[in-house]
Amino acid sequence: MERLSVLYASSLYDLAVQKNAVEDFFVQAKMCRLALQTQDCERMLLHPQITASQKHEFFKNAFAGKVHDDILGFLYLTADKNREAYLIPALDKLIEIIERHMNIVTAKVLSASELDDAQTKRLTSMLSKKLKKNVKLSLNVDPSVIGGPYIYADGYYIDWTVKKKLRDLAVYMKEGCGA
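Residues numbered from 1 in each chain as written. Predicted model: local features only at pLDDT ≥ 70, side-chain atom pairs only at ≥ 80, totals over all residues. Heavy atoms only, no water.

With that settled, consider the overall build of the protein chain. The secondary structure content of the protein chain amounts to 8 helices and 4 strands. Reading the protein chain from its N terminus to its C terminus gives the helix and strand order α-α-α-α-α-α-β-α-β-β-β-α. The C-alpha atoms of the protein chain give a radius of gyration of 22 Å, which is well past the 16 Å a tight globule of 179 residues would have. Across its three principal axes, the protein chain shows a C-alpha extent of roughly 75 × 35 × 30 Å. Taken over 179 residues, the protein chain has a buried fraction of 31%. For the protein chain, the exposed area adds up to about 11300 Å²; of that, 54% sits on carbon and sulfur atoms. Charged side chains in the protein chain number 25 positive and 22 negative. The centres of these two groups are separated by 4 Å. (Helix = DSSP H or I, 4+ residues; strand = E, 2+ residues; numbered from the N terminus. Rg over C-alpha atoms; globule rule 2.2 N^0.38 Å. Buried < 20%, exposed > 50% of the residue type's maximum accessible area, 1.4 Å probe, protein only. Areas by Shrake-Rupley, 256 points an atom, 1.4 Å probe, with all protein chains shown as cover. Lys, Arg positive; Asp, Glu negative; His and termini not counted. Charge placed at Lys NZ, Arg CZ, Asp CG, Glu CD.)

Set out below in structure tokens:
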């Protein structure tokens, strides 16, 4: 599945570049993905008794005039070829490819409590400077980290959590305090 999803995404990206519409494809791919990820849509798209022409009609009603004709054509193609299962993975890949093109990276952040706006802005700014990329945050909360953030961005891991510091301290104590 991965290989075909990448092929679809790469083809859509090439079309976006050719038509100088990369940002449009980016916004529209995210919109399509969001709409198609609902349980009802997934069930309908994968249902074997719903015909390709019925799916075409669904895509037309949902997206015509809202997305580029090439994206709509991709949606039709997946219905024609009975490859609806590739829709979301291909849109995910397309979004990922365009983010790389636009120098955007997603930083996954885990903290003990929700970050406020000021903390989010400081963290985004710090990571943008460090990585020399536009950073968007994916924030998650896990009280078990006790305090401090765990950050993964663009291949870099930063673990400033209290949980890690306590684990490091326990190892240090077990090993005889460095003696």
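This is not the end of the story, as more comes after the structure.
Per the counting criterion, the structure on display carries 4 aromatic pairs. Relative to Tyr157, the ring of Tyr150 has its centre 6.3 Å away and its plane inclined at 45°; by these criteria the two rings are tilted. By relative accessible area, Tyr150 is classed as partly exposed at 28%. (Phe/Tyr/Trp six-rings, centres within 6.5 Å; stacked < 30°, edge-to-face > 60°.)

Right, let's get into the packing of helix H4 (residues 52-63) against helix H5 (residues 69-80). Relative orientation and spacing of two packed helices are given, respectively, by the angle between their axes and the distance between those axes. In the contact formed by H4 and H5, the axes pass within 9 Å of each other and the chain directions differ by 160°. Judged by the angle between their axes, H4 and H5 are roughly antiparallel. The interaxial crossing formed by H4 with H5 has right-handed handedness. Contacts between H4 and H5 involve Ala52, Lys55, His56, Phe59, Lys60 and Phe63 from the first element and Leu72, Leu75, Tyr76, Ala79 and Asp80 from the second. For the contact of H4 with H5, the class distribution of residues is 7 nonpolar, 1 polar and 3 charged. (Axes fitted to C-alpha atoms, helices over the stretch in contact; angles between N-to-C directions. Parallel < 35°, antiparallel > 145°, perpendicular 65-115°, else oblique. Left-handed = near helix turned anticlockwise from the far one by under 90°. Contact = heavy atoms within 4.5 Å. Nonpolar A, V, L, I, M, F, W, Y, C, P; charged D, E, K, R; others polar.)

What follows is about the pairing of strand E3 (residues 150-153). Residues of E3 alternate between two faces, with Ile151 and Ala153 buried on one and Tyr150 and Tyr152 left unburied on the opposite face. With 4 bridges connecting them, E3 and strand E4 (residues 156-159) associate as antiparallel partners. Within E4, the position partnered with Tyr150 by the bridge is Asp159. (Pairing = 2+ DSSP bridges.)

What follows is about helix H3 (residues 39-46). Of all the residues in H3, the buried ones are Cys41, Met44 and Leu45. Angularly, the buried residues of H3 cover 95° about the axis, an arc narrow enough to put them on a single face. Pointing more than 90 degrees away from the buried face of H3 are the exposed residues Gln39 and Arg43. Contacts made by the buried residues of H3 are with helix H2 (22-36), H4 and helix H6 (87-101). (Arc of directions from axis to C-beta.)

Let us now look at the nonpolar core. Ranked by internal contacts, the top residues of the largest apolar core, which has 31 residues, are Leu36, Phe59, Phe63, Phe74 and Leu75. Going through the elements one at a time, helix H1 (2-18), H2, H3, H4, H5 and H6 are the ones with two or more residues in this core. With 8 residues, the top contributor of residues to this core is H6. Those residues in contact with Leu75 that lie beyond four places of it in its chain are Cys32, Leu36, Phe59, Phe63 and Leu87. Grouped together as the second largest cluster of nonpolar side chains are 9 residues, Leu127, Leu131, Val135 and Ile151 included. (Core = buried A, V, L, I, M, F, W, Y, C linked by side-chain atoms within 4.5 Å.)

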